[in-house]
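Topology and contacts: notes
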Amino acid sequence: MKTSLLCSALVLAGLAALGSGCSPAPEHDVVLRNGTIYDGSGGAPYKGDVAIRGDRIVAVGNVRGRGRAEVNVEGLAVAPGFINMLSWATESLIADGRSLSDIKQGVTLEVFGEGWSMGPLNDAMKKEAVERQSDLKYNIEWTTLAEYLKFLEKKGISTNVASFVGATTVRIHEVGFANRPPTREELQRMKELVRQAMREGALGVGSSLIYPPAFYAQTGELIELCKVAAEYDGMYISHMRSEGARLLEALDELITIAREAKLPAEVYHLKAGGKANWPKMDQAIAKIEEARKQGLQITADMYTYVAGATGLSATMPPWVEEGGHKEFIKRLKDPAIRARLKREMSTPTDKWENMYLNAGPEGILLVGFKNEKLRPLIGRTLAEVAAERKQSPQETAMDLIIEDDSRVDTVYFMMSEENVRKQIALPWLSFGSDAESAAPEGVFLNSNPHPRAYGNFARLLGKYVREEKVIPLEEAVRKLTSLPAANLKIKDRGRLTAGHFADIAVFDAAKIQDHATFEKPHQLATGMVHVFVNGAQVLRDGNHTGATPGRVVYGPGYGKP
């Protein structure tokens, strides 16, 4: 009893506790001990500790003082949490806030906004969005992009979230699905919508120019929107107008927008699609590097697969979708239009991005349908289904869209492995899944996602870093963390350093591995051991804890007048 009282008095006096039966109070909430630290800088790893107090990292290196939780991570890599530069977890997080497929790969920040953003919305947009919902059903309780992000945070999510404001979204808000330039008044209102989004924390303006109605936007329109983003230190990021026949011209447009609007720009999922276009990758890289030498901040991101994914509707020219989905379906039922479509789908062109020719019907894999009667076709190619129906692949594509009353989720095999490796090695390239964050259960099993939803980041670290040694692990970690954080101008994230938020990924570099395949995509990655988000442990010994500490991460213009 006397010993206990003496110990208490010594601790209260701030003196070192002496003698048997007492020890100093913990100074930290968590200390990760004896890990191999990859701090995000790209520098050589070193052995050390990481201390967490509250939501912040308070010490890195040889940490003195105990933690309430002491975690031995000897033999494991300790890195900043990974940033998913192109996430489509916008709806999957509403259905399941755990973000399981990404957390199991060490992702702690999901970045949205590839052309479409979850706000700003008007009443007509909300109505159509609800009508077009498939397996994931939800009420739209927000109007602005900021309100959507706060909705997620309040609901409870395991990852942090951030978003660009979609150029497509603000165009639909004011112009609808018409194939025409906005009037002066409409453009002014579009700019004000961008301004509001930037003040409320958007990262910049995102576009996706192969898809209608974004395809209808001219370069000058995009420059005007980006000038507003530039006022708030934002950036432009784009699924360019072409990734195939006019890849180089599309890149020129992105660089022009960056130069004229005076802001950084990033290429979404850099690729050269279609075998005839594979040699263009060297020229595309050269264009970007020349622009960078001229002082422009041009960067890119990618996913680590030779196949992309979008709608089956991308096999068709953009004019057929003018006026929106209902007009699209109506046109597909018109015999004269069907004949024209079949002809245009089969004809090489540089007027639009012809995904039918880029992949060919044998390289077009059907992966998701709204209509339950069509779901037995999941996992089959367009060519196989066409042969079974005894009709052309073009006619089959039209009929499937009509029957499903949707764009039909589709995978396109069209890139080269050589280019994938070449891109991974580029110092200004980061990574994005271009997919939802799913779980191998429940409603997610109704369709087959692209395996990048489960494996994009683990595939980088397993296949391309450990096995093929395309880049060293410290460089891969930099490209997953501090590089995208710097590009996005996000404060206090992307590094393991005192004062930064405690977003941390702890993994076994010798074992981290993707398992998802195109045939069986619902397979979680393995090798990620612990994940912390804002200081809270979300993954412990490879198992999700159920914690939902994710927050909205705001862009550089947040709160500016």
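The sections below set out a description of the structure shown in this document. Counting from 1, residues in each chain are numbered in the order their sequence is written. Only residues with pLDDT of at least 70 are given local features in this predicted model, and only at 80 or more are side-chain atom pairs given and counted; all residues enter the totals for whole chains, interfaces and linings. Based on all heavy atoms of the structure, the side-chain values leave hydrogens and waters out of the count.

Quick look at the overall build of the protein chain now. Within the protein chain, the secondary structure is distributed over 19 helices and 21 strands. Atoms counted for the radius of gyration: C-alpha only. Globule rule: 2.2 Å times the number of residues to the power 0.38. In terms of C-alpha radius of gyration, the protein chain reaches 25 Å, essentially the compact-globule figure of 24 Å for 561 residues. Each principal axis of the C-alpha distribution contributes one length, and for the protein chain these read about 95 × 50 × 45 Å. Looking at the 561 residues of the protein chain, the share that counts as buried comes to 60%. Any two residues having at least one pair of non-hydrogen atoms within 4.5 Å are treated as being in contact. Intrachain contacts of the protein chain at a sequence separation of at least 6 include 76% that bridge at least 24 residues. Only the protein chains shown count as covering a residue, and every accessible area follows the Shrake-Rupley method with a 1.4 Å probe. Summed over all atoms, the accessible surface of the protein chain reaches about 21,700 Å², with 51% contributed by carbon and sulfur. Starting at the N terminus, helices and strands are each numbered in turn, a helix being any DSSP run of H or I of at least four residues and a strand any DSSP run of E of at least two. Each residue's exposure class comes from its accessible area (1.4 Å probe, protein chains only) as a fraction of the maximum for that residue type: buried when under 20%, exposed when over 50%, partly exposed otherwise.

Next up on the list: the pairing of strand E1 (residues 28–37). Here E1 lies mainly inside the structure; seven of its ten residues are buried. Should DSSP find at least two bridges between two strands, the strands are regarded as paired. Sheet analysis places E1 next to strand E4 (residues 67–72), joined by five bridges and oriented parallel. Directly across from Leu-32, in E4, lies its bridge partner Val-71. Summarising the sheet, E1 and strand E2 (residues 46–53) pair through six bridges and their orientation is antiparallel. Bridge pairing links Val-31 to Ala-51 in E2. Here two bridges tie E1 to strand E5 (residues 77–80), and the two strands are oriented parallel to one another. Residue pairing for E5: Thr-36 is matched across the bridge by Ala-77.

Counting buried residues along strand E14 (residues 307–311), four of its five residues qualify, which places the element largely inside the surrounding structure. Across five bridges, the pairing between E14 and strand E16 (residues 409–413) is antiparallel. Note on E16: the bridge partner recorded for Ala-307 is Phe-413.

Salt bridges, as used here, are contacts in which a Lys or Arg side-chain nitrogen is within 4 Å of a carboxyl oxygen on Asp or Glu. Scanning the entire structure with this criterion turns up 40 salt bridges. Residue Arg-389 pairs with Glu-403 through a salt bridge whose shortest N-O separation is 2.8 Å. Of this pair, Arg-389 sits in helix H14 (residues 382–389) while Glu-403 sits in helix H15 (residues 393–404), and the two are 14 residues apart along the sequence. One network of salt bridges, with partners in common, ties together Asp-55, Arg-56, Asp-492 and Arg-551.

As a further point, take the packing of helix H8 (residues 219–231) against helix H9 (residues 247–261). Structural elements are reduced to axes, namely lines fitted to C-alpha atoms, with helices fitted over the stretch in contact, and the angle between N-to-C directions of any two is expressed from 0 to 180 degrees. Where H8 contacts H9, the axes come no closer than 9 Å and their chain directions differ by 45 degrees. Classed by the angle they form, the pair H8 and H9 counts as oblique. Crossing handedness for the pair H8 and H9: right-handed. Counting all contacts with H8, which are made through Thr-219, Leu-222, Ile-223, Cys-226, Lys-227 and Ala-230, the residues of H9 involved are Glu-253, Ile-257, Glu-260 and Ala-261. Residue polarity follows a fixed list, in which Ala, Val, Leu, Ile, Met, Phe, Trp, Tyr, Cys and Pro are nonpolar, Asp, Glu, Lys and Arg are charged, and the others, Gly among them, are polar. Class assignment for the residues of the contact of H8 with H9 results in six nonpolar, one polar and three charged. For this classification, under 35 degrees means roughly parallel, over 145 means roughly antiparallel, 65 to 115 means roughly perpendicular, and everything else is oblique. Crossing handedness: left-handed means the near helix sits turned counterclockwise from the far one by under a right angle, and right-handed means the same turn made clockwise.

Counting through the fold element by element, Arg-184 comes out in helix H7 (residues 184–199). Under the relative-accessibility criterion, Arg-184 is labelled exposed at 74%. With eleven residues separating them in the primary sequence, Arg-184 and Arg-195 have C-alpha atoms 16 Å apart.

Taken in spatial order, the three strands of this open sheet run E14-E16-E15, and their pairing is antiparallel. Each edge of the open sheet is held by one strand with a lone partner, namely E14 and strand E15 (364–368). Between one strand axis and the next, the sheet turns by 30 degrees as a mean value, whatever way the strands run. Note that E15 and E16 share four bridges and pair antiparallel. Following the sheet pairing, Leu-366 is matched in E16 by Thr-410.

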